[in-house]
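One-letter residues, chain by chain:
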Amino acid sequence: MTKRHTRMFFVGGTLLFAAIFLGMTIDSHRQFATLTNADQITPAVSAGKDVWHKGNCINCHTLLGEGAYYAPDLTKITDQRGEPYLTAFLKDPSQFYSEKQHRRLMPNPKLSEEEIAQVIAFLGWVAKIDNQGWPPRPILVSGGTFPGTGEAEGSAAGVAASDSPVALGQELFRSTPPGCASCHSLVAGVNLAGPSLAGLASEAARIIASPEYQGNATTPEEFIRESIVEPSVYLVPGAMYSAAGRSFMPDNYREILEPVQVENLVAYLMTLR
Amino acid sequence: MRYRSQWVAYPYFVVALLLYGLQMVFGLLSAAKYLGPDPLINLMAFDVTKEIHTNLLIVWVLTGFMGATYYVVPEESRTEIYSVKLAYWQLGIWTVNGVVAVVGYLFGWTEGNKLLEQPVPVKLTIVVCMLMFLYNIFMTIRKSGRWTTTEGVLVSGLALAALLYLPALLQFHNYTVSIFYRWWTVHLWVEGVWEMVQAGLLAYLLIRLSGADREMMEKWLYVIVGLVFIAGIIGTAHHYYWVGVPQYWLPIGGFFSALEPLALFGMAMYAYFAMRRSGFAHPNKLAIHWTVGSAVYTAFGAGLLGLAHTWPAVNKWTHGTLITPMHGHSAFFGAYVMIVLAVITYAMPHFAGREDSSRESPMGYWAFWLQLSGMFGMTLAFATAGIAQVYMERIMGVGYLDTQLKLQVHFLMLIGAAIIFTAGVALFIWDFFRAVPIRTAFLDNTSGDASVPVSSVA
């Protein structure tokens, strides 16, 4: 083997594999439109992409797993948080997280109402990209389960322990969608994007009896059902949970969930006393 | 130093080392923010310090590459640089451009595109500087009519780096497509053409330091850069797995990514066998340390730690966690920081105008070992934090913020190791200016006819 042979190995190998790479690139271009739902890139999505770049968001967050590692991944954030929540969050993140508790905080991005709507539209488009099913399980901003800290343990997400309504409801609670567990913890005092659901059944009875309650529920079951399908009827106090009489909890569970699924959730949540 | 115009590398190395020092400041700031809380959040938040930290790295390493090329090419082509004046102008524009970019970042002037944050005017100026540089080098080689494989690989690497910067200037409507082409610059730089630069400089240093047979060294140099491209071009795929590309990128990309370490292990063996022959006899002991160190640490940081998370079934869980900076820090340090510091160390006695090329000082050894152990500690800190993060956040489903709180002890380790590393960097810079003070260096070398060889010592 002489230098001439190894030079041929270098030049030939490089050209051959560059050609294969270009071929794969051309084929990918044929598929990008379908994989990324390019027809849904509206002017708002495009403008949102510019907001994303202008805010230098990627140098703290990751998106599609790319970026810096200092702040949560936002690939599927619009599946986990509704638009009212994200809007209120982007107006003033310090209302939602405390630097004292988490040791880091997002600085106020100082966006206009329009820019906020655009960047949420952009993130909504990103969440629908067909990216080989990544992440393999939801990446939560905060909360989740530490074994041994008093939260319900046992079956893994996606597998119900039995077909009793309580077991099915518990499994549903941890699944995405609806993704209840990504906003509600079951530990007293651990408030995530939504309030803790620890002792919910007893809490529901107390709320119904209180003069602040204006809804139609007369039993804890009815209250929990109402809170799932019409979250704005009773608003838990706090600027991080609602604005202008509207709860940040998504209000489309009536459409997403089958009636029997709602009943299973109610059955499960009624066990939290 | 055989040719007077090789001297132009000295100011390039000065700029590179000063920016290296500045990079440490922003690295330490970023690490402190991981620990939190952050008193500077409204002055310069993490996004700004991190962006300046990585951009300074790219700029100073490129400055080092260009300085090293100005040093190597006259010797390889046996001629003076085509235009020393052009080289100075290029350095001036390049440095001012870099300072403008850093100050701009502090005030939020950014494109917010990871590693390619440079605003368009800055990008265009970078292109102009690269063209000035390549013109000067090509004219030098053309003037002499002689070129070696070593400098051919080195200069081709830099020419291709300039070419691959062009996709960074394009704007795409579709975020997935823009990610796709962003990696043409970023991946094909650091896992492609920059490896050519490293391999070229490595070959140059090994030939000088070990007296190994040039024909033999250059024959294997082609094999190494051939392996780099055969695996590395399609290896771009490991950045594509989860961003919205067709499924076939996963198995094909996984296979070629897993082959990428071959070239890097080859490079370590290349250095080992070259040095074994000469028995470390060269008097520039520190240059030998940095040269062999670069080859070995590249195999570890870029090769082994890259392999650790490149396979799709693993990457599915580690993608976007602290596992990535574990690999990034050690790979960049081994492959690019160490090779630039090796060339600088090799050239220092010649800049000082000494007839012998020996270089050995206790401070130089401290600088080497503190940087090496500091970087090893930082790699371990990121690795342990990253592994814990993968298990807690990705597999168990604990929230991001809660997981980060559990990683505090690893961030403390990161800061401790970063302080050791920074001490090593500070000693290196101090040692450099002590061995070759700016004033004496200029007095000795910038006067007189630039075409007269000053010394025959290699």
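In case you missed it, the structure is sitting above this.
Numbers given to residues run from 1 along each chain, matching the order in which its sequence is written. A letter from A marks each chain and a number from 1 marks each ligand, given out in the order of writing. For a predicted model such as this one, the threshold for reporting local features is a pLDDT of at least 70, and the threshold for listing and counting side-chain atom pairs is 80 or more; totals across whole chains, interfaces and linings nevertheless cover every residue. Calculated side-chain values reflect all of the structure's heavy atoms, with hydrogen atoms and water omitted.

Overview of empty space enclosed by the protein
All names here are of chain A.
Part 1: Space inside and on the surface of the protein is sampled on a 1 Å grid over the protein atoms alone, with a cavity defined as a set of points where a 1.4 Å probe fits but cannot get out and a pocket as an open set with protein on both sides within 12 Å along at least 5 of 7 lines; lining residues have an atom within 4 Å of a point. Grid points are joined across faces, edges and corners, and a volume is the space filled by probe spheres set on the points. Summed over all chains, the structure comprises three cavities of 30 Å³ or more.
Part 2: As a volume, the largest cavity reaches approximately 60 Å³.
Part 3: Taken together, Asp-73, Leu-74, Thr-75, Lys-76, Ile-77, Gln-80, Pro-135, Pro-138 and Ile-139 make up the full set of residues lining the largest cavity.

A short note on the nonpolar core
Part 1: If you look at the biggest cluster of nonpolar residues, it comprises 201 residues, and the most contacted ones within it are Tyr20(B), Trp60(B), Phe65(B), Trp189(B), Trp194(B), Phe333(B) and Phe351(B).
Part 2: Tallying contributions element by element places helix α6 (residues 175-210) of chain B first for this core, with 24 residues.
Part 3: Note that the domain bounds were set by an automatic or database domain assignment. Here this core spans two domains, and each of domain 1 (21-127) and domain 2 (165-269) of chain A adds at least three residues to it.
Part 4: Discounting residues that sit within four places of it in the chain, Phe65(B) has contacts with Leu158(B), Trp194(B), Val197(B), Leu201(B), Tyr336(B), Ile339(B) and Val340(B).
Part 5: Note on terminology: a nonpolar core comprises buried Ala, Val, Leu, Ile, Met, Phe, Trp, Tyr and Cys residues joined through side-chain atoms within 4.5 Å. Only protein chains enter the accessibility calculation, which uses a 1.4 Å probe; a residue is then buried when its area is under 20% of its type maximum, exposed when over 50%, and partly exposed in between. Counting residues in hydrophobic clusters, the runner-up holds 26 residues, among them Ile208(A), Phe223(A), Val229(A) and Tyr253(A). In DSSP terms, a helix is any run of H or I states spanning at least four residues, a strand is any run of E spanning at least two, and both are numbered starting from the N terminus. Pairs of residues are marked as contacts when any of their non-hydrogen atoms sit within 4.5 Å.

Remarks on helix α12 (residues 362-396) of chain B
Because each turn of an α-helix spans 3.6 residues, side chains separated by three or four positions in sequence point in the same direction.
Residue and element names in this part refer to chain B.
Part 1: Take the residue count of a helix, subtract one, and multiply by 1.5 Å to get its expected span. In a regular helix each residue adds 1.5 Å, so 35 residues correspond to 51 Å; α12 covers 49 Å between its end C-alpha atoms and thus fits that length.
Part 2: For α12, the principal kink sits at Gln-389 and spans about 25°.
Part 3: Where α12 terminates, the next one or two residues include Gly-397, which has phi positive at roughly 85°. For a residue, the bend is simply the angle between two axes, fitted respectively to the seven-residue segment ending there and the seven-residue segment starting there.

Observations regarding unusual backbone geometry
All names here are of chain A.
Part 1: The omega torsion across Trp-134 and Pro-135 is -5°, close enough to zero to call that bond cis.
Part 2: Tracing the chain through its elements places Pro-135 in the loop between α6 (113-127) and α7 (165-174).
Part 3: For Arg-103, which is not glycine, the phi dihedral falls at a positive 65°.
Part 4: Here Arg-103 is to be found in the loop between α5 (99-102) and α6.
Part 5: At Lys-110, a position not held by glycine, the phi torsion is positive, near 50°.
Part 6: Relative accessible area serves as the criterion here: at 71%, Lys-110 is assigned to the exposed category.

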